[in-house]
Number of protein chains: 4
Amino acid sequence: MANRPFDLAGIWPPIPTPFGPGGEILFDRLAQNLDRWNQEPMAGVVAGGSNGEFPLLSAEERVEVVRHVRRHTAPDRLVIAGSGMQSTAATISLSQAMAAAGADAVIVVTPSYYKSRMTAAALVAHYTAVADRSPVPLVVYNVPANTGVDLAAEVAIELSRHPNIAGIKDSGGDVVKLARMAAESREGFQVLAGSAGFFLPALAVGAVGAVAALANIAAAELSELLRRFRAGDADGARALQARLVDVNAAVTSRFGVPGLKAAMDLTGRYGGPPRLPLLPLGEAEREIVRRSLKQGGIAIGRQELGG
Amino acid sequence: MANRPFDLAGIWPPIPTPFGPGGEILFDRLAQNLDRWNQEPMAGVVAGGSNGEFPLLSAEERVEVVRHVRRHTAPDRLVIAGSGMQSTAATISLSQAMAAAGADAVIVVTPSYYKSRMTAAALVAHYTAVADRSPVPLVVYNVPANTGVDLAAEVAIELSRHPNIAGIKDSGGDVVKLARMAAESREGFQVLAGSAGFFLPALAVGAVGAVAALANIAAAELSELLRRFRAGDADGARALQARLVDVNAAVTSRFGVPGLKAAMDLTGRYGGPPRLPLLPLGEAEREIVRRSLKQGGIAIGRQELGG
Amino acid sequence: MANRPFDLAGIWPPIPTPFGPGGEILFDRLAQNLDRWNQEPMAGVVAGGSNGEFPLLSAEERVEVVRHVRRHTAPDRLVIAGSGMQSTAATISLSQAMAAAGADAVIVVTPSYYKSRMTAAALVAHYTAVADRSPVPLVVYNVPANTGVDLAAEVAIELSRHPNIAGIKDSGGDVVKLARMAAESREGFQVLAGSAGFFLPALAVGAVGAVAALANIAAAELSELLRRFRAGDADGARALQARLVDVNAAVTSRFGVPGLKAAMDLTGRYGGPPRLPLLPLGEAEREIVRRSLKQGGIAIGRQELGG
Amino acid sequence: MANRPFDLAGIWPPIPTPFGPGGEILFDRLAQNLDRWNQEPMAGVVAGGSNGEFPLLSAEERVEVVRHVRRHTAPDRLVIAGSGMQSTAATISLSQAMAAAGADAVIVVTPSYYKSRMTAAALVAHYTAVADRSPVPLVVYNVPANTGVDLAAEVAIELSRHPNIAGIKDSGGDVVKLARMAAESREGFQVLAGSAGFFLPALAVGAVGAVAALANIAAAELSELLRRFRAGDADGARALQARLVDVNAAVTSRFGVPGLKAAMDLTGRYGGPPRLPLLPLGEAEREIVRRSLKQGGIAIGRQELGG
């Protein structure tokens, strides 16, 4: 059970996993990317999330990536590791392996294959069993667009009573639900917006930060949005939110991980190709991403890497 | 074409239509309700919207209700009349009749029966044709839970260029979309939250008010929420929003119009029965509404009327 | 209450309403179309259904169309009139008016605007009230693609006990549901496929006929399919079903009423434009319909009418 | 590439994986179940499908189960092994391992986590890459209720041209789609119904068999249904289909794998508990399954095993 204080407030990029042309993990590229993120304003990084293509990695690869991420992340920053599997037992094992590899917390996506049986009771039992045996705090991860499962506010509120469950990342975009979770969960349970698209409205109803694909390329902007909100600058926050909506769509709902990787390439990081069955963007889609970045005021790198 | 200034900012109850036990409209009860709303803080009322059971009224009844509402509403307040029909021609006729009956603006729900053909082009053509010929400003009304049609942000943005289209009421709850519409539509086009459940986050991204079922029984609370937001009291606004989430669900998503009518009865207004095929709430459901009202701090009337 | 035998078995075109360029009903064109249908194999016609654009007609127009249809339909054929409205009372009135105008039965679409309140209890109460007071037999009409409401098998089975409810037209395409309704409803209750796309599989599980848009232009083919099925010619029936799948999509799910009207024009009938907000097909879409007709072996008329 | 003839026609139970109370695989129980299936009429078995809880097994366990199944299945019967993974490369590896373990064919579920990027192009590339390198024939597996991905008829038709893709199991229940795939795919490509609920209508439009959970406990009934259909006994086939609809729902859509396992226990086979996060049925649900079995005329075993 975690003993140290653990705070989810702030900006968290869910970092992509860099692959070479044959699908091999490029650990040196990962280190380069981390060097750059280390200089940007954020609370830490999430490794092995949806944007990390975790379902396309073996369990061993997932642990290896987290070990590498921890080694190359500034010591004062936190590393949250994705450890969700479809089975409860496998999720427990992987959570323990992630802690051993240096993760400060684990983030656990809802099991999803047997959707119709993922009742409130099943989800509560699953998360309780994992949190009971995880050596580090657990963050619930709800992402209906990928899983087809939408963990209800009631379930999150019930889970918030577990001392080893620190909060939830919710990517569903239902702010009424975010509001309920923020208002009705136990004191100290933290809610993170799962996308930059609804970051400001999420803050308005009580979220404390964001795990957002966009943070991989625009941590400064999201950090500034958070600062303005906290400072009571409603107009300034709204203006920044409005500027980011389209570019955020390009790297999330519209083009997914391949879109994020293209945006990484276009901003001087290493994005590279996704693993199959994900296909890289075609040139036309890439051009749309480029234009979105430009309109959103995201700095385009002088050189494009990877691809 | 409207020439006078028209401002959607503020709180708008979409008022229910009071029926007697045989389904007949009770105009005197309507006047009593209006007397009370006239003393509560709001910009005006919306008559003949979804909560007014417009699909269960004939076109003649819809006009008669609006005429009566205009007569009994304080002169400094606005009356927006629902005038949507499935056909474009019928919507034009009804909009003209509503203006003649004293409506200050019309609110036009998306046609919905031929869902798969309600393309962007079809919706733009429909609203343009109606706005061209409506004597009063038009408010677009998007309510996917009722219509199964979700008018896209792009369509709203395009429609915002029409001089006689004043704004949109969107009940879908997608704040990313609200943000886009607020940011990218023409100057002066106004966005209204279509439910109190996401009023604060909607304000955060640029909405200027709400047409919310809850305003029928809690206009003071919603008005206070708006005041706090405008005053930069983020914590106070959030606390009030949190308090209203459950009671709002009771009178919208959970129990619909019959829930709202029960809440009207329970707060000393006249709610009464809905028209068939809507069934009034059973006693158990009514009890849930009562408890929600209490928990939300909404004043319960000493006597229950109607039902 | 109907006293004469009433049989839904067979092929029924849900006939379109012919409009002129200004949206006016062209009764002479309607009569011409009926002259041709009178020479084709079918049990009768359905007037004022979804393909008749009933939501875009006034109640008066709907009755007038049925009166005209009855007058121009061969006396030994039946006319079923769409009489569904959103309110129960209005549906009763219109059903009575349809009977007075000569309809042999009415077909009543599910009320749909207050979707979340269209519970089993509400639907049973609605249909029971209408059937109690309709002078002619009632056919339940379930079309989720238009209404967003899916009347459950259990509801249909319960309604089948009403002596004035003759059957159901179900357009949802869920054959498991069709099988349940055919097997578990009262003796004599008849199930009709609501689309030619699943006509043969519907027959296999107990349906007795079809109300299918395609029957407007291919009654002979559908009649032959039914004959082959009844004769035990499984291979022949399957071959014909396969031939019709694509052309059926063109006049239903793919292009809707405008697609059907284009197909009418292309086969020597009068289709003409739909009423707004429905837009007529563009030239490219029209070409796809033409090709589908050709591939499906549907006779193309020498001259195109209307459009 | 497979050289021997391979025929999917007939009945295939997707067999469950028996677990002990701690979640351990009970290989002896598996052998017992297979001894019984060996005496029932079927073409072979599918191991490691959705009903085999494959997402809750490690890749190594999946291979071990198939090796065991092949060893205990009658030599003249075929074993189809589930080998789908989220990544293309891992699916290829597992397909090869399954062939080495004795599988006669592999069945490959659609990748599903990155739903919005599972375009036609991505799915064609994925299946082509796997089929190119699988030593045994490949069966495409489409199960939208679990995956949230619905592989389109067009994709199946394109894939049918690959010489190593033998057919498709489609569990979606859309018979129009089944009809299109049966009619428009290459000669020899075979379509299997993915559920007993729509077996007869699927046969009517050209399917040749079924991979159906119900076959685990009612292979004789499904085999008889197939016989009647082939013999032209439309009424007899329909009667049997009608009898099986409710019991089929109990072991599929209604209660899923836990429902099937309860039904196994109730019919004298070993069902036992599922792996977490799947929860076993409660007593009330179990009673519903018992009643469904009885009403469906499925023999209840004298003793209940497992549970």
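The structure we're discussing is the one just above.
The sections below set out a description of the structure shown in this document.

Rules used in this analysis
- Residues numbered from 1 in each chain as written.
- Chains lettered and ligands numbered in written order.
- Predicted model: local features only at pLDDT ≥ 70, side-chain atom pairs only at ≥ 80, totals over all residues.
- Heavy atoms only, no water.
- Helix = DSSP H or I, 4+ residues; strand = E, 2+ residues; numbered from the N terminus.
- Rg over C-alpha atoms; globule rule 2.2 N^0.38 Å.
- Buried < 20%, exposed > 50% of the residue type's maximum accessible area, 1.4 Å probe, protein only.
- Contact = heavy atoms within 4.5 Å.
- Areas by Shrake-Rupley, 256 points an atom, 1.4 Å probe, with all protein chains shown as cover.
- Lys, Arg positive; Asp, Glu negative; His and termini not counted.
- Charge placed at Lys NZ, Arg CZ, Asp CG, Glu CD.
- Pairing = 2+ DSSP bridges.
- Axes fitted to C-alpha atoms, helices over the stretch in contact; angles between N-to-C directions.
- Least-squares fit on C-alpha atoms with pLDDT ≥ 70 in both.
- Salt bridge = Lys/Arg side-chain N within 4 Å of Asp/Glu carboxyl O.
- Buried area = accessible area lost by both parts, 1.4 Å probe.
- Polar contact = N/O pair within 3.5 Å; in protein donor to acceptor, adjacent residues only side chain to side chain.
- Nonpolar A, V, L, I, M, F, W, Y, C, P; charged D, E, K, R; others polar.
- Left-handed = near helix turned anticlockwise from the far one by under 90°.
- Expected span 1.5 Å × (residues − 1).
- Bend = angle between axes of the 7 residues up to and from the residue.

**Remarks on the overall build of chain A**
Within chain A one finds 12 helices and 9 strands. The C-alpha atoms of chain A give a radius of gyration of 18 Å, which matches the 19 Å a tight globule of 307 residues would have. Counting only C-alpha atoms and orienting by the principal axes, one finds that chain A spans roughly 50 × 45 × 40 Å. Counting only residues that meet the buried cut, chain A has 63% of its 307 residues in that class. Here the analysis covers contacts within chain A between residues at least 6 apart in sequence; of these, 71% occur between residues at least 24 apart. Split by element, the accessible area of chain A, about 10,400 Å² in all, is 51% carbon and sulfur. Once the 30 positive and 29 negative side-chain charges of chain A are each reduced to a mean point, those two points are 1 Å apart.

**Looking at the environment of C:Tyr114**
Looking at where C:Tyr114 falls in the secondary structure, it is placed in the loop between β5 (105-109) and α4 (120-133). Non-local contacts of C:Tyr114, meaning those with residues more than four positions away in its chain, are made with B:Ser50, B:Glu53, B:Phe54, B:Pro55, B:Leu56, B:Asn146, B:Val257 and B:Leu278.

**Quick notes on the sheet that holds strand β8 (residues 190-193) of chain A**
What holds strands together in a sheet is hydrogen bonding between their backbones, with the strands either parallel or antiparallel. All names here are of chain A. In space, the 9 strands of this open sheet follow the order β1-β9-β8-β7-β6-β5-β4-β3-β2, with parallel pairing throughout. In this open sheet, the two edge strands, each paired with only one partner strand, are β1 (10-12) and β2 (14-15). Across 3 bridges, strand β4 (residues 78-82) lies against strand β5 (residues 105-109) in parallel orientation. Pairing of Gly82 across the sheet is with Ile107, part of β5. With respect to the sheet, helix α3 (residues 88-100) is in contact with β4 and β5, its orientation differing from that of β5 by roughly 155°. Where helix α7 (residues 175-184) meets the sheet, its contacts fall on β6 (138-142), β7 (165-170) and β8, and the angle it forms with β7 comes to roughly 170°.

**Section: the relation of the copies chain B and chain C**
Superposing the two chain copies requires a rotation about an axis and a translation along that axis. Of the transformation placing chain B onto chain C, the axial shift is 0.0 Å and the rotation is 180°, giving an RMSD of 0.0 Å. The symmetry that links the two subunits is that of a two-fold axis. Considering only C-alpha atoms, the part of chain B nearest the rotation axis is B:Gly148, at 3.2 Å.

**Details of the relation of the copies chain A and chain B**
Overlay of chain A on chain B (RMSD 0.0 Å): rotation 180°, translation along the axis 0.0 Å. Looking at chain A, 100% of its interface residues are interface residues in chain B too, so the copies touch through the same face.

**Brief notes about the sheet that holds strand β1 (residues 10-12) of chain B**
Residue and element names in this part refer to chain B. If you walk across this open sheet you meet the 9 strands as β1-β9-β8-β7-β6-β5-β4-β3-β2, and the pairing is parallel. Among the strands making up the open sheet, the edge pair consists of β1 and β2 (14-15). Two elements, strand β3 (residues 44-47) and strand β4 (residues 78-82), share 4 bridges in a ladder whose sense is parallel. Opposite Val45, over in β4, you have Val79 as the bridge partner. Sitting on the sheet, helix α9 (residues 215-230) touches β1 and β2, and the angle it makes with β1 is about 165°.

**Examining the pattern of salt bridges**
Within this structure, the stated rule accounts for 68 salt bridges over all chains. Here D:Arg70 ties to D:Asp104 by a salt bridge, and the two come within 2.7 Å at their closest N and O atoms. You can see D:Arg70 sitting in helix α2 (residues 59-72) and its partner D:Asp104 sitting in the loop between α3 (88-100) and β5 (105-109), a full 34 residues away along the chain. For the pair D:Arg70 and D:Asp104, a shared accessibility class is recorded, and that class is buried. Taking the shortest distance from any N to any O, the salt bridge between D:Asp265 and D:Arg286 comes out at 3.1 Å. Placement of the pair is D:Asp265 in helix α11 (residues 256-266) and D:Arg286 in helix α12 (residues 283-295), with a sequence separation of 21 residues. Accessibility expressed as a relative area gives 13% for D:Arg286, which makes it buried. Linked through salt bridges whose partners overlap, the residues forming this network are A:Glu154, A:Arg180, A:Glu184 and B:Asp246.

**Regarding the interface of chain A and chain B**
Taken residue by residue, the interface counts 18 residues in chain A and 18 residues in chain B. Roughly 1,500 Å² of surface becomes buried between chain A and chain B when both sides are summed, with 74% attributable to carbon and sulfur atoms. One can count 2 salt bridges joining chain A with chain B. Put simply, A:Asp246 and B:Arg180 hold a salt bridge, and the shortest N to O gap is 3.6 Å. Our enumeration of links across chain A and chain B arrives at 0 residue pairs in polar contact (both at pLDDT 80 or more). The set of elements that each furnish at least two residues to the side of chain A that touches chain B consists of α7, α8 (199-204) and α10 (234-251) of chain A. Among the elements that take part in the side of chain A that touches chain B, α7(A) stands out by supplying 6 residues, more than any other. Grouping the amino acids of the side of chain A that touches chain B by side-chain chemistry returns 11 nonpolar, 3 polar and 4 charged.

**Here's the deal with the packing of α7(A) against helix α10 (residues 234-251) of chain B**
Between α7(A) and α10(B), whose axes approach to 9 Å, the crossing angle comes to 115°. Taken as a pair, α7(A) and α10(B) cross one another with a handedness that is left-handed. Here α7(A) contributes A:Val176, A:Ala179, A:Arg180, A:Ala183 and A:Glu184 to the contact with α10(B), which in turn contributes B:Ala242, B:Val245 and B:Asp246. Taken together, the residues that form the contact of α7(A) with α10(B) break down as 5 nonpolar, no polar and 3 charged.

**Considerations on helix α9 (residues 215-230) of chain C**
Residues and elements named next belong to chain C. Counted at 1.5 Å a residue, the expected span for α9 with its 16 residues is 22 Å, but the 18 Å between its end C-alpha atoms falls short. Approximately 40° is the largest bend angle found in α9, and it occurs at Glu221. Of the residues making up α9, those classed as buried are Ala215, Asn216, Ile217, Ala218, Ala219, Glu221, Leu222, Leu225 and Leu226. Backbone geometry just after α9 places Gly232 at a positive phi near 80°.

**Concerning the interface of chain B and chain C**
Where the parts come together, the accessible area they lose is often given as the size of the interface. The interface of chain B with chain C comprises 38 residues on the first partner and 38 residues on the second. In terms of surface lost to chain C, no three residues of chain B exceed B:Tyr113, B:Tyr114 and B:Arg117, which account for 30% of the buried area on that side. The closest approach of N and O atoms between B:Glu285 and C:Arg117, which form a salt bridge, is 3.7 Å. Between the two partners, chain B and chain C, sit 12 residue pairs in polar contact (both at pLDDT 80 or more). Of all elements in the fold, only α4 (120-133), α5 (144-147) and α11 (256-266) of chain B reach the threshold of two or more residues within the side of chain B that touches chain C. Within the side of chain B that touches chain C, the residues separate by chemical class into 21 nonpolar, 12 polar and 5 charged.

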